[in-house]
Amino acid sequence: MQRIIKTLALSGIVACSLLASDVVKIGVQAPITGKYANEGQSIDNFVKLLVDEKNEQGGLLGKKIEVVTCDDEAKAQKAAVCAKKLVNEGVIAVIGSYTSGATEAAQTTYYRNKVLQTSDGTSDSLIENKYWTFFRNSFPNSSQSDFTADYFVNQKKYKRIVVLSDYSSYSDGLGTATEESLKKLGGNVIFRGKIKSGTQNFTAVLTKIKAMNPDVIYYSGYYTDGGLLRAQQLQLGINADFVGGDSNDNPDFYKLAGDAAEGTVIINFPTPEILPYEEAKKYLAAYKREFNMTPPSIWPVTNADGLRAIFEAAEKTGSLDTKKISDYIRNDMKDFPGITGPFNIREDGERVGAKFVVYKLNNNGTKDVVGQ
């Protein structure tokens, strides 16, 4: 009897192992709660939408896909915890995070455990280690800074430029890169300042800026502070254009800025609703049907392309070996038809072929393209 029980127990273990081998786990590391929750939730939604589609088609290489989500709240410490959790869950790839700081805090853990990671984080530092496990689904700060500098100096011909950032790796990196790009073109940066994100009252720094009589204030941080900066700028009577970097491009900017949103300029990739690609029309319509809304920004969409690239590489190589998937994405994937346009990754994990658009905001929630 004991031998029979042991045999049955062993059979159960084997059965469980076989069942587990028929499942592929994909991780999502994103701010599901906190001040960037609408971005993180939308990344999670898009991943689940793509996974549901793939499972309906028979799964990935015949295996059912499961999504494991970890809320990093866009905080480095939480991100490090998420990385360990997702590795222990047995994921082969992780989509995220939304912020560069949270992405970077998890990178080494994924690399050591041969887990793929793709993120919209734009800090140039994300590829400095050249981890084969990481590739970017957006574009680096350096490409955006060059575009911004050209727009300021050669198109708008601003003479007195203020550059503001917060202290995060993304925002500080973009602010510094933009300052350097401006100076290369002969732009006159009269002030380079930093704010503490979440402060809410920026009167002190704005009063200092007012005395400098700038033509434009450029803010490279997130929409949660950008909307308040714009509102307080006008309250103080600072007669300067306000231009926000890509992470100001979020519906909540309107809520925070109020009527001051009118006339604000945002530099970003094309927003979801104007993406001209067939894949964009297909997947954005599916997203709206499923969630009764459109993604709040381009970032959930670039993350979706990161996952789609992983699916494509696995199917083309016929393998779930993460090194083979990574090598295919870097060396063999050419002009993969992304939702956000042709998807090409350099050997160092950098996405290439950036295209930027300049938007002017209207108080009715719409945007006008005023440059590209």
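- Under an unreviewed UniProt entry, the protein chain has the name Branched chain amino acid ABC transporter substrate-binding protein and belongs to Halarcobacter ebronensis.
- In its Sequence similarities (unreviewed entry) section, UniProt records this for the protein chain: "Belongs to the leucine-binding protein family."

### Side note on the overall build of the protein chain
Inference 1: Within the protein chain, the secondary structure is distributed over 12 helices and 14 strands.
Inference 2: Expected size for 372 residues packed as a compact globule is a radius of gyration near 21 Å; at 22 Å, the protein chain falls within 12% of this value.
Inference 3: Dimensions of the protein chain, computed from C-alpha atoms along their principal axes, come out at roughly 90 × 40 × 40 Å.
Inference 4: Summarising the internal contacts of the protein chain: among those between residues at least 6 apart in sequence, 68% fall at separations of at least 24.
Inference 5: When the accessible surface of the protein chain is split by element, carbon and sulfur atoms take 50% of a total near 16,100 Å².

### Details of the pairing of strand 14 (residues 367-371)
Inference 1: Pairing geometry for strand 13 (residues 357-361) and strand 14, over 4 bridges, is antiparallel. Each residue of the ladder has a partner; that of K360, found in strand 14, is D368.

### Focus on the pattern of salt bridges
Inference 1: Scanning the entire structure with this criterion turns up 20 salt bridges.
Inference 2: Note that E89 is salt-bridged to K25, the shortest N-O span being 3.6 Å. Within this pair, whereas E89 is found in helix 3 (residues 76-89), its partner K25 is found in strand 1 (residues 23-30), the two being separated by 64 residues in sequence.
Inference 3: R308 is paired through a salt bridge with D305; the nearest N and O atoms lie 3.1 Å apart. Pair noted here: R308 and D305 are both in helix 11 (residues 299-317), with a separation of 3 residues, about one helical turn. Across this residue pair, the class does not change: R308 and D305 are buried.

### Overview of the state of the cysteines
Inference 1: Across all of its chains, the model carries 1 disulfide by this definition.
Inference 2: Each sulfur in the disulfide pair C70 and C82 lies 2.1 Å from the other. Taking the torsion about the sulfur-sulfur bond, which here is approximately -80°, the covalent link between C70 and C82 counts as left-handed. Within this pair, whereas C70 is found in strand 2 (residues 64-71), its partner C82 is found in helix 3, the two being separated by 12 residues in sequence. Here C70 matches C82 in class, with each residue buried.

### Let's talk about the domain arrangement of the protein chain
Inference 1: Domain annotation for the protein chain reports domain 1 (23-139 + 275-352) and domain 2 (141-268).
Inference 2: For domain 1 and domain 2, the distance between their C-alpha centroids amounts to 29 Å.
Inference 3: Taken together, the contact between domain 1 and domain 2 spans 17 residues of the former and 16 residues of the latter.
Inference 4: Both faces considered, domain 1 and domain 2 share a buried interface measuring about 1,300 Å² in area, 37% of it formed by carbon and sulfur atoms.
Inference 5: Residue composition of the side of domain 1 that touches domain 2, by class: 6 nonpolar, 7 polar and 4 charged.

### Looking at the packing of aromatic side chains
To describe a pair of aromatic rings, one takes the distance between the centres and the angle between the planes.
Inference 1: Tallying each qualifying case throughout the model produces 17 aromatic pairs.
Inference 2: On the basis of an interplanar angle of 70° and a centroid distance of 5.2 Å, the ring pair of F139 and F269 is categorised as edge-to-face. Here F269 lies in the loop between strand 10 (265-268) and helix 10 (278-291) and F139 lies in the loop between strand 5 (134-136) and helix 5 (141-156), a separation of 130 residues in the sequence. F269 matches F139 in its accessibility class, with the two residues each being buried.
Inference 3: Relative to Y222, the ring of Y170 lies with its centre 5.0 Å away and its plane at 55°, an arrangement referred to as tilted. Highlighted residues: Y170 in helix 6 (residues 169-184) and Y222 in the loop between strand 8 (216-219) and helix 8 (223-235), separated in sequence by 52 residues.
Inference 4: Residue classification places Y170 among the buried residues on the basis of a relative accessible area of 2%.

Definitions and cut-offs
Residues numbered from 1 in each chain as written. Predicted model: local features only at pLDDT ≥ 70, side-chain atom pairs only at ≥ 80, totals over all residues. Heavy atoms only, no water. UniProt positions renumbered as here; feature names shortened; annotations may be inferred. Helix = DSSP H or I, 4+ residues; strand = E, 2+ residues; numbered from the N terminus. Rg over C-alpha atoms; globule rule 2.2 N^0.38 Å. Contact = heavy atoms within 4.5 Å. Areas by Shrake-Rupley, 256 points an atom, 1.4 Å probe, with all protein chains shown as cover. Pairing = 2+ DSSP bridges. Salt bridge = Lys/Arg side-chain N within 4 Å of Asp/Glu carboxyl O. Buried < 20%, exposed > 50% of the residue type's maximum accessible area, 1.4 Å probe, protein only. Disulfide = S-S within 2.5 Å. Domains from an automatic or database assignment. Buried area = accessible area lost by both parts, 1.4 Å probe. Nonpolar A, V, L, I, M, F, W, Y, C, P; charged D, E, K, R; others polar. Phe/Tyr/Trp six-rings, centres within 6.5 Å; stacked < 30°, edge-to-face > 60°.

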